[in-house]
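Close look at the chain arrangement
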Amino acid sequence: MKAIMSAAAVVGVIASLLLLGMIFGVVKADTVHLVEGYMPMQMIFELAIFVAGFTGLSYMLNSMGMAIPRFWQGIGFVAFILFYLKSRVYPPIPFSVRAMYGTVTMVAVFMWMSSNEEDWKKFRQPILNVMDAATPKLKLIRTLFLIAIPVALWGFSYQSFVPQGAGADVDEPIELRTVHPAPPASTKVHGKTFVLQTSQNPYRVNPEGKYDQEYSNKLIVEQAMGRLMQANANPWDEKAEGYLKNVREGGEIFFQNCHFCHGDNLNGRGLHAFAFNPIPANFTDPGTIAQLQETFIFWRVSKGGLGLPREGFPWASVMPPWEQHLTTDEIWKVVLFEYWHTGYYPRTWD
Amino acid sequence: MIVTNPLFWFALLAIGVVLLFVGKKMDLLNNTAYAAVVSVVIVVAYFHIVDHYLMEMQGLDYWYLFRK
Amino acid sequence: MGRQNGKKIWSIMALGAMMAILLLPVATSLNALASGGGEAPPAPAVKAEGDKKDEAKVEKGRDVYYKTEGIVAGAPAPKTTDGTKDYPRYNFESRVLLWFANQQHLYYGSFVLAVPIFCMIIEFMGVVTKDKAMAKKYDQLAYDFIKISLTAYSLTAILGGILIFTFLTLYPAFFGYLSSIFRPVMHIYALMFVAESGTLYIYYYGWDKMKEGLLKWIHLSMSVILNVIGTVLMMLANSWIGFMMSPAGVDEQGRFLGNIWHVIHTALWNPLNVHRILGNMAFGGGVVAAYAAYRFLSAKTDEERAHYDWMGYIAMALAVAFLIPLPFAGYWLMREVYAYRQQMGITLMGGLLAWLFIIQATMIGILFLSTNYYLWQALGRMRGAEKYQRYIKYLVFVLVVGFLVFITPHTMVMTPAELKAMGGQQHPVLGNYGVMSAKNGGINVIITTTVLSFVWYMRGNKEPMVPWKKFGNIFMGTFFGLAYVNIIWLAIYGYYIPANVRVGLSVPQVATTLSCLFFMTALNGVMLKGAKQMGPIEWGKISARSQYAIIMLATAFTWMMGLMGYIRSSVRLFWHVNEIMRDNSPWAYTHTVGFAANMISFNVLFFWVSILFVFWLGTLGAKKAPVEAKAHAPGRVPEPAHGH
């Protein structure tokens, strides 16, 4: 037991030092960098290491007779999580999410501290001591709290009224945006009606010319293993026919029309992207086209920002209705290309 | 690959159960290491069977990534 | 022996007669039902001839859902206009008034539907249990339950009346249309309500008279009848909202086509029924548990505390038992919604109402968190449970990480400046928690942890004595550990495979959780057979915090019910009856999230204030007994807590 705990304590100390070092620039900031594609699990794993480390540390200190009081353990842990979220994760996490995480952490610490009667007594003792103010020192602390709490509240309220940001411009208000607007049941493009639930991409075909998603799935850019192109599945091969040829044509249309905003890597960071707010959709994100049916993309491309349904207004999309510039066939091919390039499969029901 | 075959996991489960009975006969079950090995064998096999068959029930392939 | 048998036959006959009388209204109206609510159409043979003769006169319509042809037997859905004729109003949104009346009626309705089901279960437990003292305790508990629901029952009826008046006065055109279609159903509904009241009163007032032998069994069977009637009542009411969401049995103009069964049995009716029954039970359990917590906190004696601690525990266990299948029923409902109209599904999950689902996720998390917290606190009332208390902090960690993943929104709330800093709507790290794959992992981790907490609770004061206990413990540990691994692995795996395969992963994930639930609790039970007791469960010795956790749980239930009801209702957007009757009032828009949340909170608050009044009424009647019992304790007469 002791051996495990000491090992954990060592890990805890090293991890904490490393974290601090990285944040304050003592060691290189990406000594332990977040590995693309594994970041979510890595974050949880890191937190688990810290928890284990702190447990070991607390155990060791305890056996050395230098136990940290329960109260400060709790406060310290909350502070650590807030600090970690603020400094470790890049790009910065929006305040709303950090607030959410912070609150949940506080609840967690409360649950931990009050999980049994003895700990709970230890935890609240300092609070009760301050409130009772039996000694002059405690009385001083209590008085300080009495002053500090209203001042802090005033400060927060004041801060929320003061214009924020670099140019001290007043920030735009937070906007709740829905990413996937509800599509209509059917859409009419160039005089033809497409039922979204049943329509199919006419260019997603196997060598026999039949609609075949299984076949096309096999030919897309491999998504999991570092974005490799399948052997003998190069759309830019002169001899490419059928599905692959359609992908190439879709790609040409994409690079003539779409990539200025959606980016040459389809990640929503094109040449003009940052002129818009919000920036254009990132197709490589698992939450965009990977979640949607192909017909949904077809509808969005054809109708653009203007064609979005009324009930979710305002939509904050400046995408032009592409049906005014492209033919139906061209739109289908672009959609085909987007899925091919990102390596996602269009969603299907069943 | 052999791991994609459910029979492999059934075999493993069977081995686990046999080990369980052997252990019972030979009074090995209260040996921590032995008990841990038997548990791991049984549970790993069980969860693979669950994963495999519950995906197959839906007409899907659990080993999608491994077959490629 | 012969006499006994004779008695049995008589009682069964009496029971049958009672049921027959109660179901008579339904039977008599069945004829009318089959023929489309009274207006008997010509018999088929005659009809065929009639068709040939005057084809022009018999107008046919096509069912919007079942796609069958039927003879038009009703007026088309009215086309309303904004004005006082179709939408009479006060100076504010009529919709809000209706919302309030509906929600309150629903709260009380589901409470009085759920409580008799608990009564049935508990009374049954009391009858079959061998332990005489325990049997008495159960019986008393069931009686306590029904007593609470009695006052609530009359409140339900009153609120139902208020609801109908609100409909008639504020939405006459819509209500007129709805009642023209559901006319026979509404009559049956009223008759069933009468039957329900009759049974309930006999059941309640006959409790003491029917407490022995065969009569007790009859009494118990009566609770079954009571619940059958209650469930039918609820299902009839569900058919109305089912019709509003996914109409059937009418043609495109909303004209009734003569088949009332089609109107009732719409695409969403059965999923709604199942979801609502389970939801009502969980809710009812939560409310009763909150009642017990309230009585516990206001209790003056140890006996009272012990009793209400136990009652809260039972009610809470029932609530959680029904909470666990609830997500699956919800999943089925969602599937049916998607199958019925894809855009309705997307409006719910990805579009306009998606933010509300984030709130819902948070509430579900809170439910499980408080359940776990309660179980951990409950370890405190057992001797020997200290060995588990040390490890609670790790459970907290696992639980909270699961919770955080579960509530991370896919699209985050942020200021434009933060958006720029992040460089896109999706966060590269946290964004991955926002999709279904991760969330399924999160919630399954939470549920598995809850199961683990429960297993610990079961073992709290017991030491397994079976010879293979060491192996058993190791096996259980391995099973739980690898269950976590499997769940998390499946969640990660989901990112690497296409969407149509990915959705299937949720099934083995859930199966893993359920394996833990069934196998581990069963194995635990086997291991604890003949276990050494390290001390009895000291009822009443639980911390006050646990009771607040129960109250929190009940409040979260109530809030979530209001929220989900609002989501379900507002997914119709600007339709009274989806795609049939348009809402042309000035309030056909969807409320802002903030307004909806405030409204739900108000409803919750109102419900709890009023139900506290009901609880207090319950204590007034029950005061005598404890006074006599505690006569030797002067000055300690139990009095209802003030200050609510």
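Cut-offs applied
Throughout this description, residue numbers start from 1 for each chain and increase along the sequence as written. Following the order in which they are written, the chains are lettered starting with A and the ligands numbered starting with 1. For a predicted model such as this one, the threshold for reporting local features is a pLDDT of at least 70, and the threshold for listing and counting side-chain atom pairs is 80 or more; totals across whole chains, interfaces and linings nevertheless cover every residue. Note that the side-chain values use all heavy atoms of the structure and ignore hydrogens as well as water. To qualify as a helix, a DSSP run of H or I must reach at least 4 residues; to qualify as a strand, a run of E must reach at least 2; elements of each kind are numbered from the N terminus. Throughout, exposure labels follow a simple rule: accessible area from a 1.4 Å probe, protein chains only, divided by the maximum for the residue type, with under 20% read as buried, over 50% as exposed, and the rest as partly exposed. In what follows, residue pairs with any heavy atoms lying within 4.5 Å of each other are defined as contacts. We get accessible surface area from the Shrake-Rupley algorithm with a probe of 1.4 Å; when it comes to residues, only the shown protein chains can shield them. When we talk radius of gyration, it's over C-alpha atoms, and the globule rule is simply 2.2 Å times the number of residues to the 0.38. pLDDT is a residue-level measure of predictor confidence that goes from 0 to 100. Summed over both partners, the accessible surface that disappears when two parts come together, traced with a 1.4 Å probe, is what is meant by buried area. By definition here, a salt bridge exists when the distance from a side-chain nitrogen of Lys or Arg to a carboxyl oxygen of Asp or Glu is within 4 Å. Any pair of N or O atoms that falls within 3.5 Å is considered a polar contact. Within protein, one atom must be able to donate a hydrogen and the other to accept it, and sequence-neighbouring residues count only if both atoms are side-chain atoms. Any residue outside Ala, Val, Leu, Ile, Met, Phe, Trp, Tyr, Cys, Pro, Asp, Glu, Lys and Arg is labelled polar, Gly included; the first ten of those are nonpolar and the last four are charged. An axis is simply a line fitted to the C-alpha atoms; with a helix, the fit covers only the stretch in contact. Between two such axes, the angle follows the N-to-C directions and lies from 0 to 180 degrees. Left-handed describes a crossing whose near helix is turned anticlockwise from the far helix through less than a right angle; right-handed describes the clockwise counterpart. Among buried residues, the Ala, Val, Leu, Ile, Met, Phe, Trp, Tyr and Cys ones that are joined through side-chain atoms within 4.5 Å form a nonpolar core. Only residues whose relative accessible area exceeds 30% and that form no salt bridge enter a patch; like-charged residues are grouped when within 9 Å of one another, and nonpolar side chains (Val, Leu, Ile, Met, Phe, Trp, Tyr) when within 5 Å. What counts as a ring pair is set by centres within 6.5 Å for rings of Phe, Tyr and Trp (its six-membered ring), and what kind of pair is set by the plane angle: stacked under 30 degrees, edge-to-face over 60, tilted for all other angles. Two thresholds decide whether a charge sits over a ring: the Lys NZ or Arg CZ must be within 6 Å of the ring centre and within 35 degrees of the ring normal. How far a helix is expected to stretch is found by multiplying one less than its residue total by 1.5 Å. What is called the bend at a residue is the angle between a pair of axes, fitted to the seven residues leading up to and ending at it and to the seven starting from it. One requirement defines pairing of two strands: DSSP has to find at least two bridges between them.

Some remarks on the overall build of chain C
Counting its regular elements, chain C contains 21 helices and six strands. Looking at chain C as a whole, 57% of its 644 residues are labelled buried. Considering only contacts in chain C between residues 6 or more positions apart, those separated by 24 or more positions represent 82%. Of the roughly 26,800 Å² that chain C leaves accessible, carbon and sulfur atoms contribute 68%.

Structural notes on the overall build of chain B
When helices and strands are counted, chain B shows three helices and zero strands. At 14 Å, chain B has a C-alpha radius of gyration far larger than the 11 Å of a compact globule built from 68 residues. Taking the principal axes of its C-alpha atoms as reference, chain B extends roughly 45 × 20 × 15 Å. When burial is assessed residue by residue, chain B has 41% of its 68 residues classed as buried.

Comments concerning the confidence of the model for chain B
In the predicted model, chain B carries a mean pLDDT of 87, and the fraction of residues at 70 or more is 99%. Ranking the elements of chain B by mean pLDDT puts helix H3 (residues 64–67) of chain B last with 76 and helix H2 (residues 32–57) of chain B first with 91.

What to know about the interface of chain C and chain A
Frequently, the measure chosen for interface size is the accessible area that the parts lose on association. Contact residues are listed per partner, giving 69 residues for chain C and 73 residues for chain A. Summed over the three residues of chain C that lose the most area to chain A, namely C:Gln342, C:Tyr496 and C:Arg545, the buried surface amounts to 10% of that side. At the boundary of chain C and chain A, one finds one salt bridge. The partner of A:Glu117 in a salt bridge is C:Arg545, with the nearest N and O atoms 3.4 Å apart. At the junction of chain C and chain A, the tally comes to seven residue pairs in polar contact (both at pLDDT 80 or more). For the side of chain C that touches chain A, the secondary structure elements donating two or more residues are helix H10 (326–340), helix H11 (342–349), helix H12 (354–378), helix H14 (392–407), helix H15 (416–422), helix H17 (469–493) and helix H18 (499–527) of chain C. Considering every element that reaches the side of chain C that touches chain A, the biggest residue donor is H14(C), with twelve residues. Per-class residue counts for the side of chain C that touches chain A are 43 nonpolar, 19 polar and seven charged.

What about the confidence of the model for chain C?
Residues and elements named next belong to chain C. The pLDDT averaged across chain C works out to 84; a share of 89% of its residues lies at or above 70. Mean pLDDT values for the elements of chain C range from 43 in helix H21 (residues 624–629) up to 93 in helix H19 (residues 544–570). Segment residues 35–53 is flagged for pLDDT under 50; beyond a separation of four residues in sequence, or across chains, it makes 15 contacts in the model. Within the model, pLDDT remains below 50 along residues 624–644, and this stretch shows 16 contacts once partners closer than five positions in the same chain are excluded.

A word on the packing of helix H3 (residues 94–128) of chain C against helix H9 (residues 302–323) of chain C
Residues and elements named next belong to chain C. Between H3 and H9, the least distance of the axes is 12 Å, while the angle of their chain directions is 115°. As for the relative orientation of H3 and H9, their crossing is right-handed in sense. The residues of H9 that touch H3, namely those facing Phe-118, Ile-121 and Ile-122, are Ile-314, Leu-318 and Phe-322. Tallied by class, the residues present in the contact of H3 with H9 amount to six nonpolar, no polar and no charged.

Considering the interface of chain B and chain C
Tallying the contact residues gives 26 residues for chain B and 27 residues for chain C. Across the chain B to chain C interface the summed buried area is about 2,200 Å²; carbon plus sulfur atoms make up 75%. Applying the counting criterion to the chain B and chain C interface returns zero salt bridges. Counting across the interface, chain B meets chain C through eight residue pairs in polar contact (both at pLDDT 80 or more). Sorting the residues of the side of chain B that touches chain C by element identifies H2 and H3 of chain B as the ones contributing at least two each. Counting residues per element, the side of chain B that touches chain C draws most heavily on H2(B), which supplies 15 residues.

Description of the nonpolar core
All names here are of chain C. If you look at the biggest cluster of nonpolar residues, it comprises 285 residues, and the most contacted ones within it are Phe-111 and Phe-145. A per-element tally of this core places helix H8 (residues 269–298) first, with 15 residues. Not counting the four nearest positions on each side in its chain, Phe-145 is found in contact with Val-115, Phe-118, Cys-119, Ile-122, Val-288, Met-311 and Ala-315.

Focus on the environment of C:His219
Residues and elements named next belong to chain C. Of note, His-219 is situated in helix H6 (residues 213–245). Measuring from C-alpha to C-alpha, the distance between His-219 and Phe-518 comes to 32 Å, with 299 residues separating the pair along the chain. Each residue touching His-219, except ones within four places of it in the same chain, is listed here: Glu-123, Tyr-203, Gly-206, Trp-207 and Met-210.

A short note on a nonpolar patch on the surface
All names here are of chain A. A grouping of Leu-18, Leu-20, Phe-24, Val-26, Val-27 and Val-32 is seen on the molecular surface, where their side chains present a nonpolar patch of about 510 Å² in accessible area. Looking at the secondary structure, you find Val-32 in the loop between helix H1 (2–23) and helix H2 (39–63). Residue classification places Val-32 among the partly exposed positions, given a relative accessible area of 31%.

Some remarks on unusual backbone geometry
Look at A:Leu266: it is not a glycine, yet its phi comes out positive at around 65°. Relative to the assigned elements, A:Leu266 resides in the loop between helix H8 (242–262) and helix H9 (294–303). Its identity is not glycine, yet C:Lys67 carries a phi of approximately 65°, on the positive side. Assessed through its relative accessible area of 48%, C:Lys67 is described here as partly exposed.

Digging into the packing of aromatic side chains
Per the stated rule, a full pass over the model turns up 71 aromatic pairs over all chains. Between C:Phe182 and C:Trp240, the aromatic rings sit 6.4 Å apart at their centres with planes inclined by 70°, giving edge-to-face as the arrangement. Here C:Phe182 is found in helix H5 (residues 172–205), whereas its partner C:Trp240 is found in helix H6, with 58 residues between them in sequence. The class for C:Phe182 is buried, based on a relative accessible area of 0%. Note on C:Trp240: relative accessible area 17%, which makes it buried. A:Lys333 extends its terminal NZ or CZ atom over the ring of A:Tyr203, reaching a point 4.8 Å from the ring centre.

A short note on the environment of C:Tyr589
Residue and element names in this part refer to chain C. Along the chain, the position of Tyr-589 falls in the loop between strand E6 (581–582) and helix H20 (593–621). Sequence separation between Tyr-589 and Trp-575 is 14 residues, and the spatial gap between their C-alpha atoms is 10.0 Å. Once residues within four sequence positions are removed from consideration, Tyr-589 is found in contact with Glu-93 and Arg-95. There is a polar contact of 3.3 Å between the side chain of Tyr-589 and the side chain of Glu-93.

Here we look at H5(C)
Its 34 residues place the ends of H5(C) only 40 Å apart at the C-alpha level, less than the 50 Å of an ideal helix rising 1.5 Å per residue. Most pronounced at C:Phe182, the bend in H5(C) amounts to some 80°, and the proline C:Pro184 follows within four residues.

Regarding the pattern of salt bridges
Counted by the stated rule, this structure contains 21 salt bridges over all chains. Between C:Arg89 and C:Asp82 there is a salt bridge, and its shortest N-O distance comes to 2.7 Å. Judged by its relative accessible area of 47%, C:Asp82 is partly exposed. Residue C:Glu304 is joined to C:Arg295 by a salt bridge in which the shortest nitrogen-to-oxygen separation is 3.9 Å. Pair check on accessibility: C:Glu304 and C:Arg295 agree, each one buried. Residues joined in a network through salt bridges with shared partners are A:Lys245, A:Glu249 and A:Lys333.

Looking at the packing of H2(B) against H17(C)
Orientation of H2(B) relative to H17(C), taken along the N-to-C sense of each, is 35°, at an axis distance of 9 Å. Crossing geometry of H2(B) relative to H17(C) is assigned as right-handed. Facing B:Thr32, B:Ala35, B:Ala36, B:Val38, B:Ser39, B:Val40, B:Ile42, B:Val43, B:Val44, B:Tyr46, B:Phe47 and B:Asp51 of H2(B), the residues of H17(C) in contact are C:Lys470, C:Phe471, C:Ile474, C:Phe475, C:Thr478, C:Phe479, C:Leu482, C:Ala483, C:Asn486 and C:Leu490. The class makeup of the residues in the contact of H2(B) with H17(C) is 16 nonpolar, four polar and two charged.

A short note on the side chain of A:Lys333
Along the polypeptide, A:Lys333 turns up in helix H10 (residues 328–342). Setting aside residues no more than four positions away along its own chain, A:Lys333 makes contact with A:Tyr203, A:Asn246, A:Glu249, A:Gly250 and A:Ile253.

Some details on the pairing of strand E1 (residues 186–189) of chain A
All names here are of chain A. Residues Thr-187 and Val-189 point to one face of E1 and are all buried, whereas Ser-186 and Lys-188, pointing to the other face, are not buried. Sheet topology places E1 next to strand E2 (residues 192–195); four bridges connect them, and they run antiparallel. Considered in E2, the bridge of Lys-188 is made with Thr-193. If you look at the hairpin formed by E1 and E2, you'll find two residues sitting between the two strands, and His-190 has a positive phi there, around 50°.

Thoughts on the environment of A:Leu306
All names here are of chain A. Here Leu-306 shows up in the loop between H9 and H10. A relative accessible area of 73% places Leu-306 in the exposed class. Separated by ten residues in the primary sequence, Leu-306 and Ala-316 have C-alpha atoms spaced 9.7 Å apart. Apart from residues no more than four positions distant in its own chain, Leu-306 is found in contact with Met-319 and Pro-321.

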